[in-house]
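Here are the chains, one letter per residue:
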Amino acid sequence: MLFIETDSPPPFYQEKLTPAKRKQLDRWFIGHRTQERYIKRFEQFDQQGYLSAKWHWAAFFVTLPWLLYRKRYMDALVYSVAGWSFIQLNIVIALVTVEFVAMSYIPDIYQMPLRVGIAAIIWIFWAFMVARWTDAYYYRMARREIADAIDDHPRDDTAQEKHLRREGGVSLFGLGMGFGFFAFALMVINVQFLPIIAKKKQNEILFDAYDIAKNAQNRVALIYQQTGACPINLPLSTEAQQVRMHIDTHVDSVPATDCAVIATVQNVKFPTRYLNDQTLVFYHVPGNDNWSCISSLNKKQAPKQCI
């Protein structure tokens, strides 16, 4: 779409056709869906004598389903393979460049939004360029198919109509296939790729939670050893932190303890929100100086010391 001729007259233009005959051929090719819009756009290109950029909302938001809906099957395949590969290559180049040049200067909290923002800007720019030239592309397809229909059936209107309706019009099956592909891609991302990202983030969060809770337990254990009492009023954290901690002399999941540090994970964002409200409990065993650990996390997630 981005490399369309802007010749004058436009490519495949049939000068010998009368305006009425050209409009009839256009109607056969376009079909009933949004016919008047495309007829108006085709007439603009015919009158100005060259192709130019015009805005197309459907192509901006859902280019692949639109191509399949308009029966441009081979073009849809080329777009999904070559076009998306080109987008992905540019995203990778941009991300790698930023990663090595600037990411070390960016606070951790902004790094992931920055990566997503870079990818989104590149994708939106590509969608913007495609949307500007989609009408010109569709006009070119119409003029090519009309030229083929006239060349193959110069005096047979019925055969011309049959050819144009077969090659043009719309396909609800194609539209469904396009959105079905998007649904499949989202499912693959959710099942295959998000867990990979979440696993790394999960390990970081749990490592930090364990480290923070263990340091707090050491502090509480020292006070307990010195005073012989559990310092339940000792401040350990604030609500704004990712790990909220408090001290108690009773824990439901522990049958016998007189002092426990309870660390609760909070304020965790997507894709590891499932860690919110999970706990690590360091508790004192009465009668000796030993402290043990249990967790609400499953065996795969919990630190080895807390299994």
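Here, every reference points to the structure presented above.
Computed from a predicted structure; not experimentally measured. (Residues numbered from 1 in each chain as written. Predicted model: local features only at pLDDT ≥ 70, side-chain atom pairs only at ≥ 80, totals over all residues. Heavy atoms only, no water.)

Undergrad: Give me the layout of surface pockets: which residues, what numbers.
TA: When its volume is computed, the largest pocket comes out at roughly 2000 Å³. Along the wall of the largest pocket there are 41 residues; nearest its centre are M112, V116, L194, I197 and F270. At the level of elements, α3 (57–61), α4 (63–69), α5 (73–101), α6 (108–152) and α8 (172–227) are the ones that each hand at least two residues to the lining of the largest pocket. Top contributing element to the lining of the largest pocket by residue count: α8, with 13 residues. Residues of the lining of the largest pocket, tallied by class, amount to 28 nonpolar, six polar and seven charged. (1 Å grid on protein atoms, 1.4 Å probe; cavity = no way out; pocket = protein on both sides within 12 Å on 5 of 7 lines; lining within 4 Å. Points joined across faces, edges and corners; volume = space filled by probe spheres on them. Helix = DSSP H or I, 4+ residues; strand = E, 2+ residues; numbered from the N terminus. Nonpolar A, V, L, I, M, F, W, Y, C, P; charged D, E, K, R; others polar.)

Undergrad: Summarise the sheet that holds strand β3 (residues 279–284); cite the residues concerned and give the values.
TA: Spatially, four strands are ordered β1-β2-β3-β4 in an open sheet, and the strand pairing comes out antiparallel. Each edge of the open sheet carries a strand with a single partner, namely β1 (243–248) and β4 (291–295). Averaged over all pairs of adjacent strands, the angle between their axes in this sheet comes to 15°, without regard to strand direction. In the sheet, β1 pairs with strand β2 (residues 260–265) via six bridges, with the strands oriented antiparallel. Along β2, the bridge assignment pairs V243 with V265. (Pairing = 2+ DSSP bridges. Axes fitted to C-alpha atoms, helices over the stretch in contact; angles between N-to-C directions.)

Undergrad: Describe the pairing of β3, with residues and values.
TA: Most of β3 is tucked away: six of the six residues are buried. Covered by surrounding structure in β3 are T279, V281 and Y283 together with L280, F282 and H284, the residues of both alternating faces. Here β2 runs beside β3; their pairing, made up of five bridges, is antiparallel. Within β3, the residue paired with V261 across the bridge is F282. Pairing of β3 with β4, which is carried by five bridges, proceeds in the antiparallel orientation. Across the sheet, the residue bridging to V281 is I294, located in β4. Counting the residues between successive antiparallel strands, the hairpin from β3 to β4 contains six residues, one of them, G287, with a positive phi of roughly 95°. (Buried < 20%, exposed > 50% of the residue type's maximum accessible area, 1.4 Å probe, protein only.)

On their own, these measurements won't tell you what the molecule is for.
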